[in-house]
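Take a look at the letters that make up each chain.
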Amino acid sequence: MSEVDTDVIIIGAGIAGLNAASTLHSKGLKSLILEARPRIGGRVYTKRDTVTGNHYDLGASWFHSTMENPIFDKFTNNWYSNSQIESAKYDDNNVGIIINSETGSLPSGINVGAIVDEMKYYSSNLKDDISLHNCAIEYFKTKQHRLSRDEIKYSTALFKFAELLNGCDWDTIGSKFSYGPFNGRDAFNTIGYDKVIEKIIEGYPNDNVLLNKVVKSVEKIQVGKADETIIKVTNADGSIYKSKYLIVTIPLGVLKLSIDKTNEEGAITFNPPLPKPITDNFAKTKFLPLAKVIVEFDKAFWPDNDKFLVLSVPNDDELDITKTYETVKEFGNYTDKENVKAFDFPCLVSNFNSVRKIPALMFLLPSQPAYQIENASDPEKYGYDLIKPIISKIVGKDIEIPEPKLILTTSWGNDPYSRGAISTCAPGDKFVNDALIDGFGSIRFAGEGPVYQGHSCAHGAYISGEREANYIIEKLSK
Ligand SMILES: Cc1cc2nc3c(=O)[nH]c(=O)nc-3n(C[C@H](O)[C@H](O)[C@H](O)COP(=O)(O)OP(=O)(O)OC[C@H]3O[C@@H](n4cnc5c(N)ncnc54)[C@H](O)[C@@H]3O)c2cc1C
């Protein structure tokens with residue numbers, strides 16, 4: 001059993017933990033990172049193929065909210081500004097919309113974007129926070145007299161697209177925060193998100209990052225007056241480390257287990273237990289998976305749009321124009337289905353041939369298909385079979401799709417150290433668990449969950465890590 005004394009222990013080597021460590025290091029404070037996995041990065045995970053030189057991000061890919069994203073600014077302005085390759089690309093050029101119809105595309109002459117903007121306004125201003133699905137029903141109930149049949153049909157499908165921003169199906173997403181506070185365009189990271197990780201941790205001592213350390217328990221021990229405590233952290237391998245402060249950055253899906261599932265892998269027992277204001281908030285916290293299916297071919301055979309939004313559109317015969325909201329009620333309810341197929345769910349397809357000059361497509365899928373892929377006996381084959389009809393629609397012609405060179409799928413839901421993709425708000429839930437930001441004395445919390453700016457995003461994790469490091473720096477300087 002080893003014992004190490006340090007100023008701060010950080011649990012988790014994702015963006016939040018690494019940025020906390022780097023900030024503490026820059027001010028001369030000592031820290032130690034305990035990471036359960038055999039690698040750093042957390043939900044940033046770049047697979048690099050040593051033969052082709054290609055790389056694929058299985059976690060974060062985009063810089064969101066680029067008007068207020070500090071990682072994006074550093075990445076493009078400081079870290080890789082001299083790179084010969086553009087390090088990030090706004091990928092909103094010529095966005096294709098693909099639907100399951102004869103033509104495969106939206107009919108011209110309907111401005112669904114404007115209606116979706118109205119629906120976003122409507123959802124964020126409703127008095128009661130209801131599910132996104134119910135919100136769509138309410139919107140059509142009260143506003144359908146202003147809309148044409150096609151406007152209703154296609155804007156419903158686009159609205160449901162928010163499932164990809166939240167990871168959940170629209171029955172489990174609270175309408176109020178369903179579109180999040182996204183400020184600014186999205187930019188695609190073209191050189192790999194691991195390059196962000198490399199820069200954040202540059203200069204931090206390697207020896208202070210301990211991998212394969214699954215933290216099992218945290219004990220706060222009183223050593224003097226009320227605010228004089230020592231933190232004792234015990235790992236699954238029996239090693240113990242002690243510090244003055246602790247920053248916990250594990251995903252909320254894992255932290256939730258501390259309430260009543262402490263035997264599960266990755267769960268941490270807190271002694272004394274986490275206070276009620278923190279745990280009360282977890283009752284509704286949703287943490288479901290998103291999945292990626294990445295397919296690489298010998299050469300591209302699809303159109304050159306930057307990306308494609310693939311929509312699940314209500315059937316024409318299902319759509320009763322006199323009672324459209326009734327139709328919307330039945331539409332898109334796939335949570336009870338065990339096997340969803342292409343076009344049952346919305347999906348985003350990034351065209352790497354356009355954004356990175358690589359003949360590959362990346363499919364981002366919501367929770368239900370994600371579960372199916374993760375639990376399949378052959379996830380690559382299952383994932384590819386699931387998205388193949390979408391490739392056919394994108395191509396638009398009856399051609400034989402060639403065999404892919406490479407298929408990659410993800411497993412964020414089954415992974416015990418993530419247990420999902422991103423934090424989501426259920427109806428009536430708080431956008432952010434403020435009690436986590438307040439912390440528990442010398443036990444602090446960071447990550448994409450406990451933060452407002454950049455909530456659920458990589459830059460939110462970054463901001464929260466710095467916030468907690470600065471809190472401790474201030475405390476220790478007194
Ligand atoms: C498929 C997918 C796509 C995404 N796309 C984007 C995107 O395009 N843009 C964007 O901004 N964001 C995206 N995100 C979200 C983004 O990846 C996260 O917000 C961010 O990486 C979270 O960082 P974090 O430090 O909060 O948590 P994490 O990166 O999850 O780090 C937490 C760390 O804690 C470790 N840990 C867990 N339990 C224990 C334990 N008991 N003991 C020790 N260590 C433990 C984990 O192994 C992990 O390394 C995506 C996420 C997913 C899954």
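Note that the coordinates shown come from a computational prediction; the quantities given were computed from them, not determined experimentally.

Reading the values: rules and limits
- Residues numbered from 1 in each chain as written.
- Predicted model: local features only at pLDDT ≥ 70, side-chain atom pairs only at ≥ 80, totals over all residues.
- Heavy atoms only, no water.
- Pairing = 2+ DSSP bridges.
- Helix = DSSP H or I, 4+ residues; strand = E, 2+ residues; numbered from the N terminus.
- Axes fitted to C-alpha atoms, helices over the stretch in contact; angles between N-to-C directions.
- Parallel < 35°, antiparallel > 145°, perpendicular 65-115°, else oblique.
- Contact = heavy atoms within 4.5 Å.
- Nonpolar A, V, L, I, M, F, W, Y, C, P; charged D, E, K, R; others polar.
- Phe/Tyr/Trp six-rings, centres within 6.5 Å; stacked < 30°, edge-to-face > 60°.
- Lys NZ or Arg CZ within 6 Å of the ring centre and 35° of its normal.
- Core = buried A, V, L, I, M, F, W, Y, C linked by side-chain atoms within 4.5 Å.
- Buried < 20%, exposed > 50% of the residue type's maximum accessible area, 1.4 Å probe, protein only.
- Right-handed = clockwise from strand over helix to strand, strands pointing away.

(A) Geometry of the sheet that holds strand β15 (residues 307–311). Here six strands make up an open sheet; going across it, the order is β7-β15-β16-β17-β14-β18 and the pairing mixed. Either end of the sheet is taken by a strand with one partner, and the two such strands are β7 (96–99) and β18 (406–409). Taking each pair of neighbouring strands and ignoring which way they run, the sheet shows an average axis angle of 20°. Relative to strand β17 (residues 360–365), strand β14 (residues 291–296) runs antiparallel, the two being bridged by six bridges. By the bridge assignment, Glu296 is partnered in β17 with Ala360.

(B) Just the sheet that holds strand β6 (residues 88–90), in detail. Strands sit in the order β5-β8-β6 across an open sheet of three strands; the sheet is antiparallel. Edge positions in the sheet fall to β5 (62–63) and β6, since each has one partner strand and no second.

(C) Just the packing of helix α1 (residues 15–26) against helix α7 (residues 194–201), in detail. Running from N to C, α1 and α7 point in directions that differ by 25°, and their axes come no closer than 8 Å. The orientation of α1 with respect to α7, classified from their angle, is roughly parallel. The residues of α7 that touch α1, namely those facing Ile15, Leu18, Asn19 and Ser22, are Val196, Ile197, Ile200 and Ile201. For the contact of α1 with α7, the class distribution of residues is six nonpolar, two polar and no charged.

(D) A look at the packing of aromatic side chains. Enumeration according to the criterion identifies 15 aromatic pairs in this entry. Sitting over the ring of Tyr90, Arg185 keeps its end group 3.9 Å from the ring centre.

(E) Quick look at the nonpolar core. Grouped together as the largest cluster of nonpolar side chains are 46 residues, with contacts concentrated most on Tyr56, Met119, Tyr139, Phe159, Leu348 and Phe352. Residue assignment for this core shows that the elements contributing at least two residues are α3 (112–125), α4 (132–143), α5 (149–159), β15, α12 (352–355) and β17. By size, the runner-up hydrophobic cluster in this structure holds 37 residues, among which are Ile71, Tyr80, Ile201 and Ile472.

(F) Quick peek at the pairing of strand β1 (residues 5–11). Where burial is concerned, most of β1 is hidden: six out of the seven residues are buried. Sheet topology places β1 next to strand β12 (residues 240–248); six bridges connect them, and they run parallel. Bridge pairing in β12 places Ile11 opposite Val248. As defined by bridge partners, β1 adjoins strand β2 (residues 31–34) across four bridges and the pair is classed as parallel. Residue pairing for β2: Ile11 is matched across the bridge by Leu34. Tracing the backbone out of β1, into α1 and back to the parallel element β2 gives a crossover that is right-handed.

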